[in-house]
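Inside the fold
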Amino acid sequence: GFRGRIWAQFLALFFEAIFLFAFGSIDNTNEWYVALIVLVMFSTCVQMAEGTSYGIVPFMNKQQLAVVSALVGAGGNLGAVIAGFAFYNPIDHPLTPFKVHAAYVMFWA
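Residues numbered from 1 in each chain as written. Predicted model: local features only at pLDDT ≥ 70, side-chain atom pairs only at ≥ 80, totals over all residues. Heavy atoms only, no water.

Judged by nonpolar contacts, Phe19, Leu20, Phe42, Cys45, Val46 and Ala102 together constitute the single largest core of 6 residues. Broken down by secondary-structure element, the contributors of at least two residues to this core are α1 (2-24) and α2 (32-56). Per-element accounting of this core gives the leading share, 3 residues, to α2. If sequence neighbours within four positions are ignored, Cys45 has contacts with Ala12, Phe15, Glu16 and Phe19. Ala12, Leu13, Ala17 and Val105 belong to the second largest nonpolar core, which has 5 residues in total. (Core = buried A, V, L, I, M, F, W, Y, C linked by side-chain atoms within 4.5 Å. Buried < 20%, exposed > 50% of the residue type's maximum accessible area, 1.4 Å probe, protein only. Helix = DSSP H or I, 4+ residues; strand = E, 2+ residues; numbered from the N terminus. Contact = heavy atoms within 4.5 Å.)

Put into structure tokens, the structure is as follows:
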């Protein structure tokens, strides 16, 4: 039911933040495949979180299901633009934006 979907959303976002922080902690002292493995795990969690977002949509306002679906779909694109400007433009260090973004994701999980 709805409660299980909320838990799935939380877990997907939680581990997305963990793997994003781990990716931001990898530097040139690590082998390339460590970054690849962490990036694949992060990407898997991102895809799971996207799927759970659409799994929650039918439980929202049933009379306005199309509007809710559109907002969820457009929200991802808008969120990416906002994240780019908020986390990646103003910070000069190459790895710190990933860690700050991970904290943001963890906050909203």
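Having seen the structure, we can now continue with the description.
On to the environment of Gly79. Mapped onto the fold, Gly79 is located in helix α3 (residues 65-88). Through-space distance from the C-alpha of Gly79 to that of Arg5 is 21 Å; in sequence the pair is 74 residues apart.

Further remarks concern the layout of surface pockets. The computed volume of the largest pocket comes to approximately 910 Å³. Taken together, the residues of the lining of the largest pocket break down into 18 nonpolar, 8 polar and 2 charged. (1 Å grid on protein atoms, 1.4 Å probe; cavity = no way out; pocket = protein on both sides within 12 Å on 5 of 7 lines; lining within 4 Å. Points joined across faces, edges and corners; volume = space filled by probe spheres on them. Nonpolar A, V, L, I, M, F, W, Y, C, P; charged D, E, K, R; others polar.)

Each packed pair of helices is defined by two parameters, the angle between the axes and the distance between the axes. Where α1 meets helix α4 (residues 96-108), the closest approach of the two axes is 8 Å, and the angle between their N-to-C directions is 170°. By the criterion of interaxial angle, the relationship of α1 to α4 is roughly antiparallel. For the pair α1 and α4, contact is made by Leu13, Phe14, Glu16, Ala17, Ile18, Leu20, Phe21, Phe23 and Gly24 and by Phe98, Lys99, His101, Ala102, Val105, Met106 and Trp108, respectively. A breakdown of the residues in the contact of α1 with α4 according to their chemical character gives 12 nonpolar, 2 polar and 2 charged. (Axes fitted to C-alpha atoms, helices over the stretch in contact; angles between N-to-C directions. Parallel < 35°, antiparallel > 145°, perpendicular 65-115°, else oblique.)

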